[in-house]
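A look at the structure
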Amino acid sequence: MVPMASFGDIAFLLIIFFMLASNFVKEAHIELERVEAGNIEEVDPAPVSVSMDVDGVCYLQGAVQPIGSLESAVSMLIENADDKRVAMTIDKNLVYKQYSEVQMSLVRAGATIIAIGDIGEPSTKDN
Amino acid sequence: MKIQRKKRPESEVDVSSFSDVAFLLIIFFILTTTFKLIGGQELNIPSGEDGDSTEQKQLTISLTGKEIFYGEDSKSSLTLRQLRVQLADEQLSTKKEEQRMVVLESDENVVYQRYYNVMLAIRDADGIVALIERDTDE
């Protein structure tokens, strides 16, 4: 008979590993399609995240944030932080008049913008 | 008279099913976990607060809905590939920081995917993206 007593211990060790290694995404509820590019590098998660969904709604740390007060809200979050990186994720189909103000607000707030995209196949489109 | 105490039955929690529960949890985590590589590019956009307005000529890229124009007076549009070649010819990596600035102008109907591709092209050529902030009352 195979001794099965230690199977439970191994199973619990595996559970602990998965629970510690899993990183639950704060923005899972935000509906957006990320840009794709072949020549971008994998990045470490930034402490602050700003997103703009498919309808042009802006989110800060996963909660809806009016664009008018985005600059001051981001400033407050990063002003005393050593890491001033802000992950900016914008739906790939939005147009400039929608996302430009987000970008400018982050620049004015003094953030180091990390423009997030999916690592995909290099674009074959020329334009 | 000798009173005989009733022997209490030994109580023991049955832990044999714990491992079954644990394995079920593992299977749940394995099935629901998705490992996704998230990439990004660091945009080193100057804030413009402490920048002097110099008369130095800077490279300008203008984006419209479907076209890319390189240089302020350019009348012919480029493809993204041609833009990369033009930027590579500038050899920005050998220049000083202020000469590596590339002004990126955009029409209001440029989709983010195209804008992102152009920003990547500038970054790959060691350029620094400079944005133009338009006055809202314009």
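The text that follows walks through the structure, step by step, so that each part is easy to find. Residue numbering note: each chain is counted from 1, following its sequence as written. To label them, take the chains in the order written and letter them from A, then take the ligands in the order written and number them from 1. Confidence filtering applies because this is a predicted model: local features only for residues at pLDDT of at least 70, side-chain atom pairs given and counted only at 80 or more, and all residues used for totals across whole chains, interfaces and linings. Excluded from the side-chain calculations are hydrogens and water; all other atoms, namely the structure's heavy atoms, are used.

1. With respect to the nonpolar core
Definition of nonpolar core: a set of buried residues of the types Ala, Val, Leu, Ile, Met, Phe, Trp, Tyr and Cys, connected through side-chain atoms within 4.5 Å. Remark: exposure states derive from per-residue accessible area (1.4 Å probe, protein chains only) relative to the maximum for the residue type, with buried under 20%, exposed over 50%, and partly exposed in between. Counting 52 residues, the largest nonpolar core has V74 of chain A together with I61, L83 and Y115 of chain B as the members making the most contacts within it. It only takes one pair of heavy atoms within 4.5 Å for two residues to be counted as in contact. The contact partners of V74 of chain A, leaving out residues within four places of it in the chain, are V50, L60, V86, L106, A109 and A111 of chain A.

2. As for the pattern of salt bridges
Between side chains of opposite charge, a pair can form when the charged atoms approach closely. Think of a salt bridge as a Lys or Arg side-chain nitrogen and an Asp or Glu carboxyl oxygen that are within 4 Å of each other. Applying the stated rule across the entire model yields nine salt bridges over all chains. The partner of D118 of chain A in a salt bridge is R34 of chain A, with the nearest N and O atoms 2.8 Å apart. Note that D118 of chain A is positioned in strand β7 (residues 112-119) and R34 of chain A in the loop between α1 (7-21) and β1 (35-37), a separation of 84 residues in sequence. Residues D124 of chain B and R123 of chain B are paired through a salt bridge, measuring 2.8 Å at the closest nitrogen-oxygen approach. Because the salt bridges share partners, they merge into one network encompassing E41 of chain A together with R84, R123 and D124 of chain B. Every helix listed is a DSSP run of H or I at least four residues long, and every strand listed is a run of E at least two residues long, numbered separately from the N terminus.

3. Quick look at helix α2 (residues 70-78) of chain A
All names here are of chain A. Those residues of α2 not exposed but buried are L70, A73, V74 and I78. Taken end-on, α2 shows its buried residues confined to a sector of 120°, consistent with a single buried face. Contacts from the buried residues of α2 go to β3 (48-52), β4 (58-60), β6 (85-90) and α3 (96-108). Regarding the arc, it is the one traced by the directions from the helix axis to the C-beta atoms.

4. Focus on the pairing of strand β2 (residues 59-63) of chain B
Residue and element names in this part refer to chain B. Most of β2 sits out of view: five of its five residues are buried. Both faces of β2 are covered, namely the face carrying L59, I61 and L63 and the face carrying T60 and S62. For two strands to count as paired, DSSP must find a minimum of two bridges between them. Where β2 and strand β5 (residues 101-106) come together, five bridges link them in parallel fashion. By the bridge assignment for β5, T60 is matched with V103.

5. A closer look at the interface of chain A and chain B
Facing the 44 residues of chain A at the interface are 48 residues of chain B. By convention, the term buried area covers the 1.4 Å-probe accessible surface removed from two parts as they join, with the contributions of both added. Roughly 4,000 Å² is buried in total at the junction of chain A and chain B, and carbon and sulfur atoms are behind 60% of that figure. Taken together, the links from chain A to chain B amount to one salt bridge. Elements with a minimum of two residues in the side of chain A that touches chain B: α1, β1, β2 (41-42), β6, α3 and β7 of chain A. When residues are sorted by character, Ala, Val, Leu, Ile, Met, Phe, Trp, Tyr, Cys and Pro go into the nonpolar class, Asp, Glu, Lys and Arg into the charged class, and all the rest, Gly among them, into the polar class. Classifying every residue of the side of chain A that touches chain B by side-chain character gives 24 nonpolar, ten polar and ten charged. Bridge count for β2 of chain A against strand β1 (residues 38-43) of chain B is two bridges, and the pairing is antiparallel. The residue bridging E42 of chain A from the neighbouring strand is G39 of chain B, located in β1 of chain B.

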